Amino acid sequence: MTTATAGSGLKWVGRAIRRLEDPALVRGRGRFTGNLPATHFVRFVRSPVAAGRILKVTAPDGITVICAADLGARPIRPMLHKYNYLPIEQPILANEVVRFVGEPLAAVFASTPAQAEDAADSVEIEIAELPAIRDARDALAPDAPAVHEVGNVVVDGQFQTADFAAVLAKAPRRVRLVARSHRQNATPLEARAAHAAFDASTGRTTLTCTTQMPHLTRTAIADILGFPESDLRVVAPDVGGAFGQKMSLAAEYVVLVWLARKLRGSVAWSEDRRENLIAAFHSREQRIELDGAFDADGKLVALSADVVANIGAYSCFPTTCGVEPLMAMAELPGPYDLRAYCCRARAVTTHTCTMAPYRGVSRPVITFAMERLMDKAAAACGISPIEIRKRNLIRRFPYTSATGLVFDEGSYAQTLDIAAAQIDLPKFYARQREARACGRFLGIGFATFSERTGYGSAAFAARGMDITPGGETVEIVMDPSGQVEARIGASPHGQGLATTLAQLIADAVGVLPASVRVVHGDTDRTPYGWGTFASRSLVIAGGAATLAGQKLREKLLTIAGNLLETAHDDIVLQDGEARVAGTDRALPIAALARAAHYHAHRFKDFAPGLEPGLEPGLAASAHYDPPGTFSNACHVAEVEVDIETGGVRVERFLAVEDAGRIINPLIADGQVHGGIAQGIGNALFEEIVYDALGNILTATLADYTPPTAREIPPIELHHLETLAASSLTGAKGLGEGGAIGAPAAIINAVNDALAPFGVAIDEMPATPQRIRAALRAAEGKQSLSPGGRGC
């Protein structure tokens, strides 16, 4: 935990300053991959069927078609060394067989995007269709078609505490639930794009692309194509949203690098929205069966879970297809104190698009399942949804979960209490009763959850990953004019990380945040790092930046002490000056920077103001690899359900969030707002739909419907700041929290609104069709007059 930085009289941390990244973006001066000029433009020919054997690929004269045999590339083969993982290989272009609609099987290029699209349309493909399997439950059948020769279950994780069976058998009350999350797409504003340019003078290729992991992208592509990493530079410029979809290696990027080297020129590809919806990574398709055992007081004493994740046709690199089911197994109990636990979590292949992490990964689904269980248990126990949560939340820290996760200090009960007080439950229930009398159905729903954030190499090593992401390195340099450059391995894409890091560094070295330039997303300019994902960057890169800033501050204080002829501890760095405390004696920090640099370049053996042995220049680097920290929150949603149409309107949304020290409240609020907006889409609107043959039915935004501003209510936020020793800066991650809690809160609210009808919605999204189907199924079992229409 940190307080005011020693030696710094100016405290930028905690200020809601505007993002330093925004002026260029709002003025149309951003640097996006799709804006780069190229000699050739690429289009991919994609499979029109879900499963089949490729018989022939032909094109008219004058069109060059690139197929798998032309590449000579290794397949994408992510590895996991635990949990009965069976490795499966993804060819860069489909080779002999296709395994999902949209899989790239050939590429063409032309001098304009339109010509390239025409060329792709002219390619004729002949495929002998094979039986396709769409649903993971069907893929578990012994006689199901095998997507790969190894079988359809490619991860099978199992966990059970020693006392589970005995505790389960003694419990007086059991509550069962089958929760299902349907398939979704991250739908970033900017779809995937790549530009590869070969430099004949150096033999190097520069790949500019929409990636979250530039360094690992470089490593993977160099390995696949068989050349040294030094021959490839990867640049992630401004990226228009990613949300995890741009974390995994895209086979299309490999093709572009190969083609640029082959043509010794530049090539470009920009994915259109249809391609994004059918062929970019999907997410969240899971079925979770829970059996919760409760004691007479409503305490959850044992939990059994069966998790089946439909991971699509291949395993994503680098996290592997185990990322969703294994996260579910490890973190399913969430914020609840539970000692007896049993879980089986399987990753199952089908003839659908590959799954990969999406904001929150498994947590929106497991939170949804657990929060539905809690509401059902509250009804069974005859207590309120708030009371059952109070009886089960973790209250003592550090807390070690049944699966061995160590929870640092949090505020689970406090966030729930504040949310309940702010929402004014008596007033809501009065409105609910009045509305029901008039034939209108209001509901309120709660969701309490934890968010594991900022975890380093130890957490990833525990998963048995072949590639183990971990800490981050930050290099800070101050030039002779006193301007600071921070080079980071993290790769932000809209989170405001450059601003928050600048605030941390400004506090450390006594400059203004505007004097700090953060360099990221360029493998030639930054230390090797793991990119931006899993709410990790502010915790890990922020910790490394703070450590490096402290090193640089010590050198500045040493120089200032000599030049001002005073003790090191008497100097304060603030407002771009080194000042002797309590006096008017000061020097600009730029003067200190010049003295440090001129020691090497001008003064040689004579170094005024510098202690003997002090290295010239002003540079520092630091590495930070923390164990991880848990954020937590309580979300509350108020909704109205139209029982005639099944439509849901979210009337109010409140979140009480604890993400430790808030570095920039403006950015924190924006992150939570954005996550909640996506969570509303996940809860009510967004679903990738396939038919029984594996044909995708939601290939446009007319069919796959993200929420608009009209569907997003005013969002009320309250922040707590529990500073944990597990985070150097005191900050915890919060980038995914909005998306984690919102679906559960909203669907609990929908169920509360529909309680008079005795129906349950345990699927997300809770679409009008599903709500109407549930109401129709309940007709005749219970009747409820809609009441007076004139109320």
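Being a predicted model, the structure only gives us computed values, none of them experimental.

**Some words on the pattern of salt bridges**
Where charged atoms from two side chains of opposite charge come close, those side chains can pair. Enumeration over the complete set of coordinates arrives at 46 salt bridges. In this structure, Glu271 engages Arg192 in a salt bridge whose closest nitrogen and oxygen atoms are separated by 2.7 Å. Of the two residues, Glu271 is situated in the loop between strand 12 (266–270) and helix 8 (273–279) and Arg192 in the loop between strand 8 (184–185) and strand 9 (193–199); the sequence distance between them amounts to 79 residues. What makes Glu271 buried here is its relative accessible area of 7%.

**Topic: the nonpolar core**
Ranked by size, the top nonpolar core spans 153 residues in total, and within it Leu207, Leu290, Ile746 and Leu754 carry the most contacts. With 10 residues, helix 10 (residues 363–381) is the single largest residue contributor to this core. Core analysis: the second largest hydrophobic core is formed by 47 residues, Ile476, Ala502, Ala578 and Tyr624 among them.

**Observations regarding the side chain of Arg192**
By relative accessible area, which is 3% here, Arg192 ends up buried. Within the local environment of Arg192, its side chain forms a polar contact with the side chain of Glu271, the two groups lying 2.7 Å apart. Beyond its immediate chain neighbours, meaning those up to four positions away, Arg192 contacts Thr210, Lys246, Ala250, Glu252, Tyr253, Trp269, Ser270, Glu271, Ala279, Ala280 and Phe281.

**A short note on the environment of Gly226**
When you line up the elements, Gly226 lands in the loop between helix 6 (214–225) and strand 11 (232–235). For Gly226, a relative accessible area of 53% corresponds to the exposed category. When the C-alpha positions of Gly226 and Ala73 are compared, they lie 7.8 Å apart, and in sequence the two are 153 residues distant.

**Here we look at the sheet that holds strand 9**
If you walk across this open sheet you meet the 6 strands as 4-1-12-9-10-11, and the pairing is mixed. Here the strands that pair on one side only, and so sit at the sheet edges, are strand 4 (104–110) and strand 11. Taking the axes of each pair of neighbouring strands and ignoring which way they run, one obtains an average angle of 20° across the sheet. Note: strand 9 against strand 12, 5 bridges, orientation antiparallel. Each residue of the ladder has a partner; that of Ala193, found in strand 12, is Ser270.

**Thoughts on the packing of helix 15 (residues 497–509) against helix 16 (residues 537–563)**
At a closest axis distance of 8 Å, the pairing of helix 15 and helix 16 adopts a crossing angle of 30°. Comparing their axes, helix 16 and helix 15 come out roughly parallel. At the point where helix 15 passes helix 16, the crossing takes the right-handed sense. Contacts between helix 15 and helix 16 involve Leu497, Thr500, Leu501, Leu504, Ile505, Ala508 and Val509 from the former and Ser537, Leu538, Ala541, Gly542, Ala545, Thr546, Gly549, Gln550, Leu552, Arg553 and Leu556 from the latter.

**With respect to the packing of aromatic side chains**
Taken as a whole, this structure holds 13 aromatic pairs when the rule is applied. Ring geometry for Phe460 and Phe533: centres 6.1 Å apart, planes at 65°, overall edge-to-face. Remark: Phe533 occurs in the loop between strand 22 (516–519) and helix 16 and Phe460 occurs in helix 14 (residues 457–462); sequence separation between them is 73 residues. The exposure class of Phe460 is buried, given its relative accessible area of 2%. In this structure an aromatic cluster arises from ring pairing among Phe397, Tyr399, Phe407, Tyr412 and Phe630. The positively charged end of Arg15 is found above the aromatic ring belonging to Trp12, 4.6 Å away from the centroid.

**Comments concerning helix 15**
Because an α-helix packs 3.6 residues into every turn, residues spaced three or four apart end up facing the same way. Across its 13 residues, helix 15 extends 18 Å between first and last C-alpha, which sits within 8% of the 18 Å expected from 1.5 Å per residue. Gly510 occupies a position one or two residues after helix 15 and carries a positive phi of about 80°.

**Details of the sheet that holds strand 7 (residues 173–181)**
Taken in spatial order, the 6 strands of this open sheet run 6-16-15-14-7-30, and their pairing is mixed. Looking along the sheet, the strands with just one partner apiece sit at the ends: strand 6 (153–160) and strand 30 (763–764). One ladder, built from 10 bridges, connects strand 15 (residues 300–312) with strand 16 (residues 340–349); its direction is parallel. Across the sheet, the residue bridging to Asn310 is Val348, located in strand 16.

The rules behind these values
Residues numbered from 1 in each chain as written. Predicted model: local features only at pLDDT ≥ 70, side-chain atom pairs only at ≥ 80, totals over all residues. Heavy atoms only, no water. Salt bridge = Lys/Arg side-chain N within 4 Å of Asp/Glu carboxyl O. Helix = DSSP H or I, 4+ residues; strand = E, 2+ residues; numbered from the N terminus. Buried < 20%, exposed > 50% of the residue type's maximum accessible area, 1.4 Å probe, protein only. Core = buried A, V, L, I, M, F, W, Y, C linked by side-chain atoms within 4.5 Å. Polar contact = N/O pair within 3.5 Å; in protein donor to acceptor, adjacent residues only side chain to side chain. Contact = heavy atoms within 4.5 Å. Pairing = 2+ DSSP bridges. Axes fitted to C-alpha atoms, helices over the stretch in contact; angles between N-to-C directions. Parallel < 35°, antiparallel > 145°, perpendicular 65-115°, else oblique. Left-handed = near helix turned anticlockwise from the far one by under 90°. Phe/Tyr/Trp six-rings, centres within 6.5 Å; stacked < 30°, edge-to-face > 60°. Lys NZ or Arg CZ within 6 Å of the ring centre and 35° of its normal. Expected span 1.5 Å × (residues − 1).

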